[in-house]
Amino acid sequence: MSANGDTLAKASWLEHLASDLRFGLRQLRRAPGFTVPALLTLALGTGAMTAVFTLFEAVMLKDLPVARPAELYRVGDVPDCCDTSGLQDDWSLFSFPLYQSLRDHTPEFRQLAAFQAGRMHPSTRRAGAATPAEPASCELVSGNYFSMFGVGAFAGRMLAPPDDVPGAAPAAVMSYHAWERRYAPDISVVGASLTFDGRPFTVVGIAPRGFFGDTLRPDPPDFFVPIADEPILHQPSSLRDRADRHWLELIGRLRAGARPAAAEARMTGELRQWLLAQPGLSASERQGIPKQRLAVVPGGAGIAVLKTQFASGLNLLLALSALLLVIACANIASLLLARGTTRRAQIAVRLALGAGRGRLLRQSLAESALLGLAGGAVGLIVAFAGTRALLALAFRGAHHVPISPLPSLPVLGFAFIVSLATGLLFGIAPAWLASCFDPADTLRGGNRSTRDTSALPQRSLVIGQAALSLILLAGAGLLSRSLAKLETQEFGFATTGRLIVQVDPMHAHYTPERLPQLYRQIEQRLGALPGVERVGLAQYAPLTDRWTGLVFLPGRPQPPPGAEPDFAAWERVGPHYLDAIGQPVLRGRPIGERDDAGAPRVALVNQAFARKYLAGKDPLGKRFGANEPAASGEIEIVGVVGDAKYNSPSRPPEPMYFLPLAQSTASRKPSLQHTDVRSHYIGAIVLRLAPGSRAGMGAVVRRALAEIDPDLTVLAMSSPAEEIRRELNRERLVARLAACFGLLALVLAAVGLYGVTSYSVARRTAEIGIRMALGAGRGAVIGMVLGGVSRQLGWGLAIGLPAALAGGRLIASQLFGVRSWDPPVLAAAVAVLIVTALAAGLVPARRAASIDPLPALRSE
């Protein structure tokens with residue numbers, strides 16, 4: 001009997017729920033004037049937050065698409081690139097011999113894999129094909145890389161340890177995206193031979209769809225190649241067997257029951273022993289070995305480069321989107337309150353006929369829940385479009401970003417909970433107020449004298465909306481002004497009329513001895529092109545790369561142990577580079593043709609270098625050395641150039657010096673000799689163009705370089721302005737979205753204020769009629785209504801201004817050249833909010849002023 005009773009009760013409950021939901025749907029369908037604005041408001045609020053959370057989840061929360069990512073641990077806790085030498089204190093990069101030692105002497109790891117910290121860009125083509133070679137992105141990995149991740153092949157097979165031994169046939173695994181872009185649906189590429197820089201490699205397999213490697217980043221590798229094949233691709237400066245060059249990152253799987261702390265202690269000890277066994281250590285290096293350590297940290301997310309870059313911006317966007325959702329919810333609550341008041345007579349009749357207040361409350365909540373879910377469903381469409389826009393903004397210039405704009409299951413769950421909670425939470429108060437009045441007062445016309453219990457909550461919601469809108473507007477203004485300052489600042493080089501062509505002669509098989517002839521050909525051939533006024537060659541262009549090293553000046557004491565050493569950025573440039581890039585020589589002379597291999601070693605320094613290391617002295621004629629104390633005084637300063645931002649648009653120019661491309665730096669250390677050889681391979685050709693000659697120049701330059709050498713492929717081509725825009729992707733994303741959220745908040749606040757004011761005018765129709773019958777003019781009525789708007793707005797400003805100032809301090813680290821309490825921004829935000837609010841209130845105010853007193857009094 002008890003079981004039957006429970007079953008009947010459950011069936012009755014489900015029947016009531018179904019009935020309430022059907023009733024809610026009918027009510028929403030019968031009131032399109034309420035339902036459509038409410039749905040759009042919810043869709044904008046939930047859609048914006050879902051779009052931001054989709055990107056947040058992909059960058060900050062998601063693991064690699066591999067088997068059992070929770071078992072993965074990374075060796076090293078600092079994302080680094082791309083190779084280094086010497087002691088690191090906190091180790092994150094490792095040489096191949098050091099990796100082998102750690103792999104073989106750390107039993108806590110079931111498997112430990114290594115992979116290249118940077119990427120290579122060989123030219124590739126199908127063997128025997130007549131098509132031009134194309135640049136490709138390639139990553140060197142150990143033979144156990146795929147088995148460690150537990151990743152199988154989409155087609156063919158993955159790399160295995162036998163592929164990663166010297167003498168094995170060169171092999172490669174192609175990413176699914178590269179196959180889809182170049183060869184799909186042709187599977188015959190598996191087993192085919194492709195040439196990498198003219199050397200044949202067999203494609204043994206295609207990686208599974210969705211696998212992008214060890215690091216979430218734009219344009220992930222097209223190919224994965226065994227570390228054993230590194231000498232083939234990195235001639236003449238191979239890194240594989242060099243114990244003094246650290247260029248690999250490590251990830252592995254711990255054995256069941258193994259503790260990360262034990263693995264970390266064992267590997268730190270192994271690292272120190274391995275370092276002590278290396279030949280040629282100086283006394284200071286031996287003293288520093290006991291301080292060397294490495295960390296073993298969770299590696300399920302891989303190398304979290306984007307997490308480091310985007311963490312602060314995404315957290316800020318998540319907070320801004322939450323504020324926008326709160327404003328949207330306040331708008332919904334305000335609409336529900338107004339609707340509940342208009343339905344008071346209907347509810348009174350139902351109560352008088354015996355309907356229970358609990359049932360009425362459940363029906364109102366069911367309607368609110370349906371509204372929330374429907375708004376969330378529409379919001380998913382907004383979220384999909386918004387996520388696509390976010391990806392385009394965040395990764396401007398990228399050809400492929402391995403982040404799907406489709407919400408994942410966790411994001412869908414998040415959107416469902418937010419939508420349902422929004423409907424229920426903000427529908428409770430209106431539903432309660434609509435059902436807790438005395439029906440007798442309403443039925444006998446008591447609305448004339450009964451105090452309206454929904455007026456105060458509605459005004460409070462409008463005040464809150466105004467305050468939150470001011471916070472968003474002020475934040476958007478600060479971030480937009482900061483972005484404008486970043487984009488329009490003086491960079492120290494020309495941003496227009498230039499073309500930067502990125503190449504890599506190392507992948508075209510050029511030995512150091514052949515480089516001078518190649519560089520002369522490039523200067524002559526490109527310099528003869530119509531529209532090209534100057535050709536400059538450089539190791540790298542501004543904002544595309546950065547090399548740094550120690551500097552030593554005669555007579556300057558070295559910083560004490562533990563203090564910041566004397567560092568400077570540096571690069572090698574050709575004779576016409578500074579003129580081509582538009583970086584002025586302020587004193588002395590530029591690097592010229594006479595600064596060849598047989599001439600005395602010279603350099604140009606920037607103003608930051610002169611200020612920091614030669615303060616109060618004339619830099620010209622002074623001498624310094626690079627990388628080791630024995631080189632102190634080796635290089636003479638022959639000129640001073642203007643400061644330019646080579647490292648980051650948001651940081652001040654750092655000390656930097658420029659060396660002639662034709663000269664070499666003497667060193668007895670093999671690691672420094674290797675660095676010197678690598679530094680002679682240019683990475684950038686800078687063209688100064690005549691006005692109006694940019695159109696079509698890209699194809700002309702590619703053709704000219706292909707005629708010099710078909711394997712000298714162009715990796716990328718852009719103007720300095722485009723490089724700046726790409727460098728400011730994160731700042732632009734935050735500023736544009738903040739501006740969008742601010743605009744949406746302003747619109748929602750205006751709609752809310754309009755709705756509350758319209759409702760107030762309708763509720764006070766009789767009062768306004770009496771006032772006008774007693775002689776009040778249209779202007780007085782308009783002033784009365786706008787006075788109510790102004791009072792609500794004034795309270796909103798009183799609350800919002802201090803909150804906006806506090807918010808400015810919270811985002812101060814995101815700002816450039818703008819104070820967190822910038823008066824023009826705050827004044828503009830206040831002015832925009834006031835104008836919008838008065839405009840929203842003016843429409844119902846004019847309607848109130850046009851009321852005819854006699855019909856208004858008669859209606860009562």
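Data block above holds the structure.
Let us look at the structure shown here. (Residues numbered from 1 in each chain as written. Predicted model: local features only at pLDDT ≥ 70, side-chain atom pairs only at ≥ 80, totals over all residues. Heavy atoms only, no water.)

The next subject is the pattern of salt bridges. Applying the stated criterion to the full structure yields 29 salt bridges. Here E249 ties to R74 by a salt bridge, and the two come within 3.1 Å at their closest N and O atoms. Of the two residues, E249 is situated in strand β12 (residues 248–254) and R74 in strand β1 (residues 72–75); the sequence distance between them amounts to 175 residues. Exposure remark for R74: the relative accessible area of 5% places this residue in the buried category. Salt-bridge contacts for E636 lead to R623; the nearest nitrogen and oxygen are separated by 3.8 Å. Linking E636 in strand β22 (residues 635–641) with R623 in strand β21 (residues 623–626), this pair joins segments that are 13 residues apart in sequence. We classify R623 as partly exposed; its relative accessible area is 37%. (Salt bridge = Lys/Arg side-chain N within 4 Å of Asp/Glu carboxyl O. Helix = DSSP H or I, 4+ residues; strand = E, 2+ residues; numbered from the N terminus. Buried < 20%, exposed > 50% of the residue type's maximum accessible area, 1.4 Å probe, protein only.)

It is worth spelling out the pairing of strand β18 (residues 567–573) at this point. Most of β18 sits out of view: six of its seven residues are buried. Pairing geometry for strand β17 (residues 548–552) and β18, over three bridges, is antiparallel. Pairing of G549 across the sheet is with A568, part of β18. Pairing geometry for β18 and strand β23 (residues 656–660), over five bridges, is parallel. (Pairing = 2+ DSSP bridges.)

The next thing to look at is the nonpolar core. Among the nonpolar cores identified, the biggest contains 70 residues, and V59, F146, F149, F211 and I403 are the most heavily contacted of them. Residue assignment for this core shows that the elements contributing at least two residues are α2 (32–61), β3 (109–116), α4 (145–149), β8 (171–174), α9 (305–342), α11 (357–394), α14 (455–488) and α21 (729–763). With near-sequence residues (within four places) excluded, I403 lies in contact with L55, A58, V59, L216, L391 and F395. Ranked by size, the runner-up nonpolar core spans 45 residues in total, among them A114, A136, Y183 and I227. (Core = buried A, V, L, I, M, F, W, Y, C linked by side-chain atoms within 4.5 Å. Contact = heavy atoms within 4.5 Å.)

So, on to the packing of aromatic side chains. Applying the stated criterion across every chain yields a total of 27 aromatic pairs. Arranged with centres 5.9 Å apart and planes meeting at 55°, the rings of F146 and F211 form a pair that is tilted. Of this pair, F146 sits in helix α4 while F211 is found in the loop between β10 (199–206) and β11 (223–226), placing the two residues 65 residues apart along the sequence. As far as burial versus exposure is concerned, F146 and F211 are alike and both buried. Ring centres of F196 and F223 lie 5.0 Å apart, and the angle between their planes is 70°; on these two criteria the pair is classed as edge-to-face. Here F196 is found in strand β9 (residues 193–196), whereas its partner F223 is found in strand β11, with 27 residues between them in sequence. Accessibility assignment for this pair places F196 and F223 in one class, buried. An aromatic cluster of three or more residues is present, and its members are F115, Y145, F146, F149, F211 and F224. (Phe/Tyr/Trp six-rings, centres within 6.5 Å; stacked < 30°, edge-to-face > 60°.)

Topologically, V173 is positioned in strand β8. For V173, a relative accessible area of 0% translates into the label buried. In this structure the C-alpha to C-alpha distance between V173 and D222, which are 49 residues apart in sequence, comes to 8.5 Å. In contact with V173, other than residues within four places in its own chain, are F146, R157, M158, L159, V204, G205, I206, A207, D222, F223 and F224.

Taken together, the side chains of L44, V378 and V382 make up a nonpolar region of the molecular surface, amounting to roughly 180 Å² of accessible area. Looking at the secondary structure, you find V378 in helix α11. (Patch = residues over 30% accessible without salt bridge, like charges linked within 9 Å, V, L, I, M, F, W, Y side chains within 5 Å. Areas by Shrake-Rupley, 256 points an atom, 1.4 Å probe, with all protein chains shown as cover.)

The peptide bond linking A184 to P185 adopts the cis configuration, its omega dihedral lying at 5°. Residue position: P185 is located in the loop between α5 (176–182) and β9. The phi torsion at R68 lies on the positive side, around 45°, for a residue other than glycine. Of note in this structure, D197 is not a glycine but carries a positive phi near 55°. Topologically, D197 is positioned in the loop between β9 and β10.

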